[in-house]
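Residue strings, one per chain:
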Amino acid sequence: DTAVSQTPKYLVTQMGNDKSIKCEQNLGHDTMYWYKQDSKKFLKIMFSYNNKELIINETVPNRFSPKSPDKAHLNLHINSLELGDSAVYFCASSQDGRRNGYTFGSGTRLTVV
Amino acid sequence: GNSVTQMEGPVTLSEEAFLTINCTYTATGYPSLFWYVQYPGEGLQLLLKATKADDKGSNKGFEATYRKETTSFHLEKGSVQVSDSAVYFCARENPGRRALTFGSGTRLQVQP
């Protein structure tokens, strides 16, 4: 059983399109995250949700909108895609992350052409 | 700030060599510290962690000790294998901010 699963694994799309990435965790964790990894492998937090409530919203263009229908799901919708949005997006979850660490999904490689 | 600094890679070693990847953090509060590993084409996996000063995290032959006096959390392994080739990330979580701040990652290449 995959603990944190995200779909799709690869996404190639044209500039200006709208796309969504889905994430689900079956660990019973109360907090979920989206991280972005750029071409130089640098990882940066985008959003976090705790029990469906937005907790962290970093400096991210408002074209990016997270949605958490329940505490096991956190989806990422991106409007009007731009070339600079090309990256790998990782979903993660945690329960008392300071003690237990965070569990990451396998990533979604987004390529905007 | 709440930053994490890692040594730049790539680090290239021969099999069975000793590994050290340096990591230092800014001394803001009392963070928990982590090492994550990313194998080619995969997501991040938690390698080890430490939650307070002098704690030692260990897993799969890797070790790191939380050193408050030097604000460091260096990753070590006594004898690396080709299968250890990956990108290693040092990370911190501060109290009151439930998110990881990552270092820039260090690529390790182990040659047979």
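Preceding this section is the structure that the text describes.
Residues numbered from 1 in each chain as written. Chains lettered and ligands numbered in written order. Predicted model: local features only at pLDDT ≥ 70, side-chain atom pairs only at ≥ 80, totals over all residues. Heavy atoms only, no water.

Undergrad: Mind laying out the packing of aromatic side chains, listing which residues take part and the relevant values?
TA: Across all of its chains, the model carries 14 aromatic pairs over all chains by this definition. Seen from their ring centres, F64 of chain A and Y89 of chain A are 6.3 Å apart, and the 35° between their planes marks the pair as tilted. In this pair, F64 of chain A is assigned in strand β7 (residues 64-70) and Y89 of chain A in strand β9 (residues 87-94), connecting sequence segments 25 residues apart. Judged by its relative accessible area of 6%, F64 of chain A falls in the buried class. With centroids separated by 5.6 Å and ring planes inclined at 40°, the aromatic side chains of F62 of chain B and Y88 of chain B adopt a geometry described as tilted. With F62 of chain B in strand β8 (residues 62-65) and Y88 of chain B in strand β10 (residues 86-93), this residue pair connects regions lying 26 residues apart in the sequence. Take F62 of chain B: its relative accessible area is 2%, and that puts it in the buried class. Accessibility expressed as a relative area gives 0% for Y88 of chain B, which makes it buried. Taken together through their ring pairs, the aromatic side chains of Y33, Y35, F90, Y102 and F104 of chain A together with F34, Y36, F89 and F102 of chain B make up a single cluster. (Phe/Tyr/Trp six-rings, centres within 6.5 Å; stacked < 30°, edge-to-face > 60°. Helix = DSSP H or I, 4+ residues; strand = E, 2+ residues; numbered from the N terminus. Buried < 20%, exposed > 50% of the residue type's maximum accessible area, 1.4 Å probe, protein only.)

Undergrad: Can you break down the pairing of strand β5 (residues 43-50) of chain A residue by residue, with the values?
TA: Residues and elements named next belong to chain A. Counting buried residues along β5, seven of its eight residues qualify, which places the element largely inside the surrounding structure. Where strand β4 (residues 31-37) meets β5, seven bridges bridge the pair, whose relative direction is antiparallel. When the sheet's bridge partners are listed, M32 is paired in β5 with Y49. Taking the residues that link successive antiparallel strands as the turn, the β4-β5 hairpin has five residues, and the phi of K41 there is positive, at about 75°. Here β5 runs beside strand β6 (residues 53-57); their pairing, made up of four bridges, is antiparallel. By the bridge assignment for β6, S48 is matched with I56. (Pairing = 2+ DSSP bridges.)

Undergrad: Give a description of the sheet that holds strand β1 (residues 4-7) of chain A that names residues and reports values.
TA: Residues and elements named next belong to chain A. Here four strands make up an open sheet; going across it, the order is β1-β3-β8-β7 and the pairing antiparallel. Each end of this open sheet is capped by a strand with a single partner; those strands are β1 and β7. Between one strand and the next, the sheet's axes are offset by a mean angle of 20°, whatever the strand orientation. Where β1 lies against strand β3 (residues 19-25), four bridges are found, and the strand directions are antiparallel. Counterpart to T7 in the pairing with β3 is K22. (Axes fitted to C-alpha atoms, helices over the stretch in contact; angles between N-to-C directions.)

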